[in-house]
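# Working through the structure, step by step
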Amino acid sequence: MRVTVIIMQDAVIDRLSQLILHRRDHLDPSSRLLVGIAGIPGSGKSSLARHVSNRIESIRGPCCVTVSMDGWHYPRAVLDKMDDPETAYKRRGAAFTFDADAFVSFAQRLRQEGMNELFAPSFSHADKDPIYNDIHINDSHKIVLIEGLYCCLNLEPWRRAAECWDLRWFIDTSPTIARDRLIRRHIESGICPDKISAAKRADANDLLNGEWILAHIYEPVSYWHIPSWDALPTKS
């Protein structure tokens, strides 16, 4: 049975931070605590991960690092070689425009290699391409937050990543609210020049991806709904 926890912004950051720290304190010290944070586009995954990470580090020091799935976008050079590059660019952000196998391999290394030093890619929104080995996960990082659209899916190969997480969270957000956020984000980031084109992109790509994600959520997962989340900044 699906149960969604509804809690206000500051309270949810405190509660989730404490849940993570409690779980970390009861985990084998030779292993990292891995938290997968998923949601539809515009749900607030990045904002949640950033604020929870900051809260944890304000309590325990530099023990937490956040990794976004954005780093596993296929670079534009790969999109150019796809059978239908025009569609690939229009649907960028859909599952087929991510390197799923590389992401799964990274998740499994996180799970299997204990506290070993690892590197993860980030994503340059200016260059619109990944930056490889940009995020350093060192031996002081006892907690890793992994946020992204496809972190908690029940389909192959994605489910093999979801199986690696100690905690799986899904940000439960109304598609209407997410759509409003996406329109603002597309305009603010320069992806779209105006509200009409931004709405078209949200409807033709982002919300389609969201519907697909909702149909394939890995269970068990904890659902969180944050009514006041719009007070937090949108994803850069």
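Definitions and limits used
Residues numbered from 1 in each chain as written. Predicted model: local features only at pLDDT ≥ 70, side-chain atom pairs only at ≥ 80, totals over all residues. Heavy atoms only, no water. Phe/Tyr/Trp six-rings, centres within 6.5 Å; stacked < 30°, edge-to-face > 60°. Buried < 20%, exposed > 50% of the residue type's maximum accessible area, 1.4 Å probe, protein only. pLDDT = per-residue confidence, 0-100. Contact = heavy atoms within 4.5 Å. Helix = DSSP H or I, 4+ residues; strand = E, 2+ residues; numbered from the N terminus. Pairing = 2+ DSSP bridges. Expected span 1.5 Å × (residues − 1).

A separate point is the packing of aromatic side chains. By the definition in use, this model includes nine aromatic pairs. Both rings, one in Tyr-150 and one in Trp-158, keep their centres 5.3 Å apart while their planes meet at 45°; by these two values the pair is tilted. Residue class for Trp-158 comes out buried when judged on its relative accessible area of 4%. Joined through ring pairs, the aromatic side chains of Trp-72, Phe-98, Phe-103, Phe-106, Tyr-150, Trp-158, Trp-165 and Trp-212 make up one cluster.

Scored by pLDDT, the protein comes out at a mean of 92, with 92% of its residues at no less than 70. Residue range residues 231-236 is modelled with pLDDT below 50. Its contacts to residues more than four positions away, or to other chains, number 14 contacts.

For strand β6 (residues 143-147), the buried fraction is high: five of the five residues fall into the buried class. Neither face of β6 is open: one carries Ile-143, Leu-145 and Glu-147, the other Val-144 and Ile-146, and all of them are buried. Here strand β2 (residues 33-39) runs beside β6; their pairing, made up of five bridges, is parallel. By the bridge assignment, Val-35 is partnered in β6 with Leu-145.

Let us now look at helix α2 (residues 45-60). With 16 residues, α2 should cover 22 Å at 1.5 Å per step; its first-to-last C-alpha distance of 22 Å lies within 8% of that length. Restricting attention to buried positions, one finds in α2 the residues Lys-45, Ser-46, Ser-47, Leu-48, Ala-49, Val-52, Ser-53 and Ile-56. Of the surrounding elements, those touching the buried residues of α2 are α1 (9-25), β2, β3 (64-68), β6 and β7 (167-171). The positive-phi residue at the C-terminal boundary of α2 is Gly-61, with phi of around 85°.

For the rest of this paragraph, the subject is unusual backbone geometry. In this structure, the amide linkage connecting Glu-156 to the following residue, Pro-157, adopts the cis form with an omega of -5°. Tracing the chain through its elements places Pro-157 in the loop between β6 and α6 (158-162). Cis rather than trans, the peptide bond between Glu-219 and Pro-220 has omega equal to 5°. Examined against the element boundaries, Pro-220 turns out to sit in the loop between α8 (195-214) and β8 (222-225). In the Ramachandran plot, Lys-128 falls in the positive-phi region, its phi being about 60° despite a non-glycine side chain. Relative to the elements of secondary structure, Lys-128 occurs in the loop between β4 (118-124) and β5 (129-137). Positive phi, normally seen in glycine, also occurs at Asn-133, with a value near 55°.

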